[in-house]
Amino acid sequence: MNIPPPPHDGPSLRISVEIDPLRPARVLERAWKRFPQAGQRINKYLQEGPCTCGECKPWPKWCLLPASCFGHIVTDELQGKEGLENIYYYMIELATLATWRYSQGIYLFHTSVLSEIIEAPFVGVLPAERFHHLPQWCVYADTPNMTWFGDQLVGFWAHLAWDSIREAEVLVFLLDKGGGLEMRVLEIGPWSVREGIQRLVDFAREQCLQNNLSTDELKDDAEEIATALAPLVSMLLVLCSDAAEIEHEHIPGLRPANPLPKKTRHGLKLFAPVQPTYWRVGKTSGALLG
């Protein structure tokens, strides 16, 4: 699956539309059918620690597994079915959706709060350490009033990934658009969003050249994409705040958290919830704003 380049127009607000609340779960279900052994492999990695390939070194606690573990799953299951140029996309898609599967948190921003974020998106140097404090390993944020380069942006998944080979932190966005999914990634560090995007584009171009692959899909549009991603980065920083106003849809006082493994006769295992959990963001402050 090639990732199509975005049209050259900007992100914008649009008239609110009705969002299907189970849409993210259906996207997850499709990915799970494509990689039916993923759950078993994930629990195996969690039980046994870094795999024997030498690439999956011990990983930080703020992520479920290093990206290379998902790369092994994708490569094994798609061997001979997809070209090398598509493996990276599937690895990022699986890493995002599989990580989200164990919490299935859907974050609903108050309309007034979301409008404030869009009007004053993030600028400056990335506060890298802040992203270690996402409320769950992976989140899905609803964006009912936004578009992405002319296409409806229904929402997005986001998680902080650990590239154990390069020992780098990568912020991953899987955009849930009306026209399909789109992946955007940036390396996290003491630099801007634009530089974080450019670093990974340069690395991808280097890898393509080393493997005799086309670089046609790698566009020099880091500035344009950084501008479009800025409000999404701001939304994540709101979720990462110690004072984040996040409320369970129905249970007062409950806070989002990562699941704990459960003891079974085959060892500790993670189990996915049967359905998504909805979290309201900025309900009180949003009411004051608007």
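Scroll up to find the structure.
Residues numbered from 1 in each chain as written. Predicted model: local features only at pLDDT ≥ 70, side-chain atom pairs only at ≥ 80, totals over all residues. Heavy atoms only, no water.

Draft legend 1. Broad picture of helix α3 (residues 67-78). Across its 12 residues, α3 extends 16 Å between first and last C-alpha, which sits within 8% of the 16 Å expected from 1.5 Å per residue. With nine of 12 residues buried, α3 lies mostly within the body of the structure. Residues of α3 that are buried include every one of A67, S68, C69, F70, G71, I73, V74, E77 and L78, and no others. (Helix = DSSP H or I, 4+ residues; strand = E, 2+ residues; numbered from the N terminus. Expected span 1.5 Å × (residues − 1). Buried < 20%, exposed > 50% of the residue type's maximum accessible area, 1.4 Å probe, protein only.)

Draft legend 2. The arrangement of unusual backbone geometry in detail. Located in the positive-phi region is F149, a residue other than glycine, with phi close to 50°. If you trace the backbone, F149 turns up in the loop between β2 (138-148) and β3 (151-163).

Draft legend 3. Examining the packing of aromatic side chains more closely. Evaluated as defined, the whole model comprises eight aromatic pairs. Between W62 and W162, the aromatic rings sit 6.2 Å apart at their centres with planes inclined by 85°, giving edge-to-face as the arrangement. Within this pair, whereas W62 is found in the loop between α2 (38-48) and α3, its partner W162 is found in strand β3, the two being separated by 100 residues in sequence. Neither residue differs from the other here; W62 and W162 are each classed as buried. Three or more aromatic residues joined by ring pairs make a cluster, and in this case those are F35, Y89 and Y90. The residue whose ring lies beneath R101 is Y102, and the NZ or CZ to ring-centre distance is 5.3 Å. (Phe/Tyr/Trp six-rings, centres within 6.5 Å; stacked < 30°, edge-to-face > 60°. Lys NZ or Arg CZ within 6 Å of the ring centre and 35° of its normal.)

Draft legend 4. Fine view of the nonpolar core. If you look at the biggest cluster of nonpolar residues, it comprises 46 residues, and the most contacted ones within it are F109, F131, F173, L232 and L236. For this core, the elements supplying multiple residues, two or more each, are β1 (105-109), α5 (111-119), β2, β3, β4 (168-177), α6 (193-210), α7 (222-240) and β9 (277-281). Broken down by element, the residue count for this core peaks at 12 residues, all from α7. Beyond its immediate chain neighbours, meaning those up to four positions away, L236 contacts F131, L134, V139, F156, A158, L171 and F173. Formed by 41 residues, the second largest nonpolar core is a distinct cluster that contains W32, A38, V154 and L174. (Core = buried A, V, L, I, M, F, W, Y, C linked by side-chain atoms within 4.5 Å. Contact = heavy atoms within 4.5 Å.)

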